[in-house]
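Okay, here's what each chain looks like letter by letter:
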Amino acid sequence: MKILHGCTPHLPMGPVRRYGEVGDVQSTSEKKPAKVLVVDDNEANRLLAQSTLEDEGYTVFLAERGADCLEIFKREAPDCVLLDIRMPGMDGFAVCEQLRAMPHGADTPVLFLTALRDVDTFDRALQVGGDDFLTKPVRPTELVVRVQSALTLRRLRGEVREHYDLQKRQRDDLLRLQLQKERLMAFVVHDLKNPVNSMDLHAQLLLRDKGLSADARDSAAQIRNEAQKLTRMIVNLLDLAKADEGQLQPQRKDVELRPLVDSIIADLALTAKNRKVTLTAAVETDRIHADPDLLRRTLTNLVENAIRYAPEGTSVSITAKRDGKEVVVRIADAGSGLPPDMRERVFDPFVQVEHGEETVGRSGRGLGLTFCKRAIDAHGGRIWIEDAAPGAVFCVSLHDGD
């Protein structure tokens, strides 16, 4: 898939119509293809936008700098402008302000393209008269949809101006709210790391005190266990944000699988003990080529999730086998399992599964299984669920060949 360089947007996308179908917008004077002016100092971005839009039947003009944009706009009177923000000399904001003062510039849609995904940039784009705000990398499908929408809205403006303004305000408010939510989550996650690490450190110091009573030692061990859970949740949140931006890149190495599984079992031994669940392992392959940290946290999340839903007195098993060039790891519990129609949805954020009279929050506080899916996808692998009859088997398959 072709993608313009930068940061991934998180905005809803609709189906793409081929140019010429009902609802497409053409130049208002004659039935000619709509003209789009693409302004970006990055040649690769310009050419990709040109090929994408020309494939849809648009006439495309290219400009590298702000001054070129103004000259082409005066000469060609395009129907829509895609305008990069960061350019040498005159930036996109200054260009937009000058466009708005030119003949026909007031009602020409201006779609800002930028790698700066923050509230201040968004607010500034609205101030200078931007009609839309796309963060890079802009996928070709989204680019076409947003240009079509901008041209359609331009035509409708004169007919239903009041309704258009209301829709635009609502859309802008929703996008601004989304950006604020992302900023807040980033602040909260980063601010949580230090106190949680401090809790873990102090718990370790208590456990080294040979004079500590057995009850106090158990309490310190429990504090450390819960602090480690919080740390995993925090790091998972950070990696989910990276995955949403297309920046979760596994650093693959040869990982010794048996020691990794033994270490995970040791880390979760107290959690399993508290739930009266036994952990077992049968690892039949020596190694796997994967990101050690992402693989460890994925398997830890899956084992912890299995412990949470395993009935008292049962076991959670971890098996690993090689199947050709694939290594398949299975984590099985004897819990209530998952209905077939929910085995894909359970990897979505904050999903809770209605299973008979019981609500099973198999998403692990909302994001644990979501992280697992993104981490395995980043490896180019697969994650799925099988029926253990009773219980559920979470399966991970990673390619391990040349």
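Computed from a predicted structure; not experimentally measured.

So, on to the overall build of the protein. Helices and strands together make up the secondary structure of the protein, namely 11 helices and 14 strands. The buried share of the protein, taken over its 402 residues, is 45%. Counting contacts in the protein only where the partners sit at least 6 residues apart, residues at least 24 apart contribute 69% of the total.

Attention shifts here to the sheet that holds strand 5 (residues 132-135). The strand order 2-1-3-4-5 describes an open sheet built from 5 strands, whose pairing is parallel. Pairing within the sheet leaves two strands with one partner each, and these edge strands are strand 2 (59-63) and strand 5. Pairs of neighbouring strands in the sheet enclose a mean axial angle of 20°, with direction left out of account. Sheet topology places strand 1 (residues 35-39) next to strand 2; 5 bridges connect them, and they run parallel. Note on strand 2: the bridge partner recorded for V38 is L62. Each of strand 1, strand 2 and strand 3 (80-84) is contacted by helix 1 (residues 43-55), which is oriented at about 170° to strand 2, the strand it contacts most.

What follows deals with empty space enclosed by the protein. Inspection of the entire model under this criterion finds 1 cavity of 30 Å³ or more. One number sums up the size of the largest cavity: a volume of about 40 Å³. Lining the largest cavity are F122, A125, L126, G130, D131, D132, F133, R171, D172 and L175. Looking at the lining of the largest cavity, the elements that each hand over two or more residues are helix 4 (119-127), strand 5 and helix 6 (161-207). Class assignment for the residues of the lining of the largest cavity results in 5 nonpolar, 1 polar and 4 charged.

Attention shifts here to the packing of helix 10 (residues 292-309) against helix 11 (residues 368-378). Helix 11 packs onto helix 10 with a crossing angle of 145° between their chain directions and a minimal axis gap of 9 Å. The hand of the helix 10/helix 11 crossing is left-handed. Along its contact with helix 10, which presents L294, R297, T298, N301, L302 and N305, the element helix 11 presents G368, L369, F371, C372, A375 and I376. Looking at the contact of helix 10 with helix 11 residue by residue, the classes come out as 7 nonpolar, 4 polar and 1 charged.

Here we come to helix 2 (residues 66-76). Among the residues of helix 2, G66, C69, L70, I72 and F73 are the ones counted as buried. Summarising the contacts, the buried residues of helix 2 are in contact with strand 1, strand 2, strand 3 and helix 3 (92-100). Remark: A77 follows helix 2 within two positions and exhibits a positive phi of approximately 45°.

Here we come to the packing of aromatic side chains. If you walk through the whole model with that rule in mind, you get 3 aromatic pairs. Between F93 and F112, the aromatic rings sit 5.6 Å apart at their centres with planes inclined by 65°, giving edge-to-face as the arrangement. One end of the pair, F93, is in helix 3; the other, F112, is in strand 4 (residues 110-114), with 19 residues separating them in the sequence. With relative accessibility at 0%, the residue F112 sits in the buried group. Plain terms: the ring middles of F347 and F394 are 6.3 Å apart, the flat faces sit at 85° to each other, and that makes the pair edge-to-face. On the criterion of sequence distance, the pair formed by F347 in the loop between strand 10 (326-332) and strand 11 (353-355) and F394 in strand 14 (residues 392-399) is long-range, its members being 47 residues apart. Judged by relative accessible area, which is 4%, F347 ranks as buried. The exposure class assigned to F394 is buried, which follows from its relative accessible area of 1%. Lying over the aromatic face of W384, R382 brings its terminal NZ or CZ to 4.1 Å of the ring centre.

For the bond running from A389 to P390, omega is 5°, close enough to zero to count as cis. One non-glycine residue, A77, adopts positive backbone phi at about 45°. Residue placement: A77 occurs in the loop between helix 2 and strand 3. Its relative accessible area of 37% is what places A77 among the partly exposed residues. Even without being a glycine, A389 presents a positive backbone phi close to 45°. Relative to the elements of secondary structure, A389 occurs in the loop between strand 13 (382-387) and strand 14.

Parameters at a glance
Going along each chain's sequence as written, the residues are numbered from 1 onward. Residues qualify for local features only when their pLDDT is at least 70, as the model is predicted, and side-chain atom pairs are given and counted only at 80 or more; totals for whole chains, interfaces and linings, by contrast, use all residues. Heavy atoms from the whole structure form the basis of all side-chain values; hydrogens and water molecules are not counted. Strands are runs of DSSP state E lasting at least two residues, helices are runs of H or I lasting at least four, and both sets are numbered from the N terminus onward. Each residue is assigned to one of three classes by its accessible area relative to the maximum for its type, calculated with a 1.4 Å probe on protein chains only: buried under 20%, partly exposed between the two thresholds, exposed over 50%. Here a residue-residue contact requires only that any non-hydrogen atoms of the pair lie within 4.5 Å. The pairing criterion is simple: DSSP has to find at least two bridges between the two strands. Note on method: axes are straight lines fitted to C-alpha atoms, helices fitted across the in-contact stretch only, with angles between N-to-C directions ranging 0 to 180 degrees. Only protein atoms enter the 1 Å grid, on which a cavity is a set of points fitting a 1.4 Å probe that cannot get out and a pocket is an open set with protein on both sides within 12 Å along at least 5 of 7 lines, lining residues being those with an atom within 4 Å of a point. Grid points are joined across faces, edges and corners, and a volume is the space filled by probe spheres set on the points. Under this grouping Gly is polar, as are all residues other than the nonpolar Ala, Val, Leu, Ile, Met, Phe, Trp, Tyr, Cys and Pro and the charged Asp, Glu, Lys and Arg. In a left-handed crossing the near helix is turned counterclockwise from the far helix by less than a right angle, and in a right-handed crossing that turn is clockwise. Any two of the Phe, Tyr and Trp rings considered here, Trp counted by its six-membered ring, make a pair once their centres fall within 6.5 Å; the pair's planes then place it as stacked at under 30 degrees, edge-to-face at over 60, or tilted in between. A ring is considered to have a charge above it if a Lys NZ or an Arg CZ atom is located within 6 Å of its centre and within 35 degrees of its normal.

Everything listed here is a matter of coordinates, which is why it stays silent on function.
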